[in-house]
Amino acid sequence: MRHALLLENPHSTADQIFAQHDIEVVRHKGAMDEDELAEALQGFEIVGIRSKTNVTEKVLKANPQLAAIGAFCIGTNQIDLKQASKQGVAVFNAPYSNTRSVVELAISEIIALTRRLTVRNSLLHRGIWDKSAVGSHEVRGRTLGIIGYGNIGTQLSVLAEAIGMKVVFYDTAERLALGNAQPMPTMDDVLRVADVVSLHVDGAPQNTSMFGKREFELMKPGSLFINLSRGFVTDIDALVEALESKHLAGAAVDVFPKEPKASGDPFTSPLVGMDNVILTPHVGGSTEEAQYDIGRFVSNKLVDYVRSASTDMSVNLPNLILPPSQASRYRVALIHRNTPGVLALVNQTFAEHGANITGQILGTTGGIGYAITDISSELPIEAISHIDDMEDTIRMRVLRCPTDKA
């Protein structure tokens, strides 16, 4: 029986899917630090994490038996993908499952801040009746500036236009504008014209501290700032300064440079207590619908990989699917260094030992190659041993084909 360690409470649908495929699940409520995780993973073939657990080079090297990592979230910056590839560990995430949830939160915060609902709510809770239109606006006709026009940014663009906003955006990559959205040459150009700036960038190292004092000063007086992306992209002290000086009218922050490891742990931030700021505990994608979809999606990808060698939508290995033929009995999954002649050597070895190949596929990405070979004959142990010992072999697995009745 295979074993999976799940941290940070992914949806229980993952447990159900693993159980259906004879994978035993052990859960740990919160995140683990490096040394704790390196020790806890001993004996596990699969690990599932969310955003607070870091799977580092040290953790991976301490666990050569680890075959797959599931990030039950969008980002994978908390995983050392380079080392995972070196060890032949497949990594999967959920790039689309919580997109709608993040976008709906952004839309609700845009409306709440534009109408100054947080301030009105705070006053009324203190017993102060302040029935006034001062500072409150409709979102219709206002300009939303989106930084990062990927899966979330594009969907936010569409919904914002649907409620009457004008959309401008900036992305480091060339992106197709949806609807009437207008791409801008630089991020500075977005900041100068937007009434609301919303960040939706990934966890790439170059995005660290990308938004600070200079960027806040470039924003329009009275504009709003939203960060639902990564905590480390924003200088929180600079944001506080922009809010206290009233250069910004409000902000919504869901992610922070330092976050508690588990629910119920104490939280501190210079933003606490500001009635024109919406603070949420990294829940952009935390709706029941999104968490269910993420739990189902990632666990199915992990199951497909360990049972059939499929790497469809892996973030670090070539994406391959090889449907088995009815005659196939064994599947050999070979992760190797991307050097010329590896597949020819594999086939020559099988041929020399009388193996009958019924299906095969090869893919490469960067320095990594991945080959799946189906065999209908008896499995030649000498050939398997020879391939496993090849200089370019990183990791080899031999599986029973799903169609094999033996």
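All figures in this text were calculated on a predicted structure; none of them were measured in a lab.

Student: Tell me what's going on with the overall build of the chain, and back it up with residues and numbers.
Tutor: The secondary structure content of the chain amounts to 13 helices and 16 strands. For the chain, the residues scored as buried account for 51% of the 406 residues in total. Long-range contacts, defined here as pairs at least 24 residues apart, represent 64% of the contacts in the chain between residues at least 6 apart. Working note: accessible area of the chain is about 18,700 Å², and carbon and sulfur atoms make up 51% of it. Of note, the chain has its 37 positive side-chain charges centred 5 Å away from the centre of its 47 negative side-chain charges.

Student: Describe the packing of helix H12 (residues 342-352) against helix H13 (residues 381-388), listing the residues and the values that go with them.
Tutor: In the contact formed by H12 and H13, the axes pass within 9 Å of each other and the chain directions differ by 160°. It follows that H12 is roughly antiparallel to H13 by the angle criterion. In this structure, H12 meets H13 at a crossing whose hand is right-handed. Seen from H12, the contacting residues are Val-346, Thr-349 and Phe-350; seen from H13, they are Ala-383, Ile-384, His-386 and Ile-387.

Student: Tell me what's going on with helix H10 (residues 236-244), and back it up with residues and numbers.
Tutor: Listing the buried residues of H10 in full gives Ile-236, Ala-238, Leu-239, Val-240, Ala-242 and Leu-243. In the core, the buried residues of H10 are packed alongside helix H9 (213-218), strand S10 (223-227), strand S11 (248-253) and strand S12 (277-279). The backbone nitrogen of Asp-237 lies 3.1 Å from a side-chain oxygen of the residue at the head of H10, namely Asp-235. After H10 finishes, the residue Lys-246 shows a positive phi value of roughly 65°.

Student: Give a detailed account of the pattern of salt bridges, specifying residues and quantitative values.
Tutor: Overall, the coordinates contain 20 salt bridges when judged by the stated rule. A salt bridge links Lys-61 to Glu-57; its shortest N-O distance comes to 2.8 Å. Residue Lys-61 and its partner Glu-57 are both found in helix H3 (residues 57-61); the two are separated by four residues, about one turn of the helix. Taking the relative accessible area as the measure of exposure, Lys-61 reaches 52% and is therefore exposed. A single network of salt bridges, built from pairs that share partners, joins Asp-188, Arg-214 and Glu-215.

Student: Break down the sheet that holds strand S14 (residues 357-365) for me, citing the residues and quoting the values.
Tutor: The strand order across the open sheet formed by four strands is S14-S15-S13-S16, and the pairing between neighbours is antiparallel. The strands lining the two open edges of the sheet, one partner per strand, are S14 and strand S16 (393-400). The average angle at which neighbouring strand axes cross in this sheet is 10°, direction not considered. Examined bridge by bridge, S14 and strand S15 (residues 368-375) share eight bridges and lie antiparallel to one another. Looking at S15, one finds that Gly-359 is bridged to Asp-374.

Scoring rules and cut-offs
- Residues numbered from 1 in each chain as written.
- Predicted model: local features only at pLDDT ≥ 70, side-chain atom pairs only at ≥ 80, totals over all residues.
- Heavy atoms only, no water.
- Helix = DSSP H or I, 4+ residues; strand = E, 2+ residues; numbered from the N terminus.
- Buried < 20%, exposed > 50% of the residue type's maximum accessible area, 1.4 Å probe, protein only.
- Contact = heavy atoms within 4.5 Å.
- Areas by Shrake-Rupley, 256 points an atom, 1.4 Å probe, with all protein chains shown as cover.
- Lys, Arg positive; Asp, Glu negative; His and termini not counted.
- Charge placed at Lys NZ, Arg CZ, Asp CG, Glu CD.
- Axes fitted to C-alpha atoms, helices over the stretch in contact; angles between N-to-C directions.
- Parallel < 35°, antiparallel > 145°, perpendicular 65-115°, else oblique.
- Left-handed = near helix turned anticlockwise from the far one by under 90°.
- Polar contact = N/O pair within 3.5 Å; in protein donor to acceptor, adjacent residues only side chain to side chain.
- Salt bridge = Lys/Arg side-chain N within 4 Å of Asp/Glu carboxyl O.
- Pairing = 2+ DSSP bridges.

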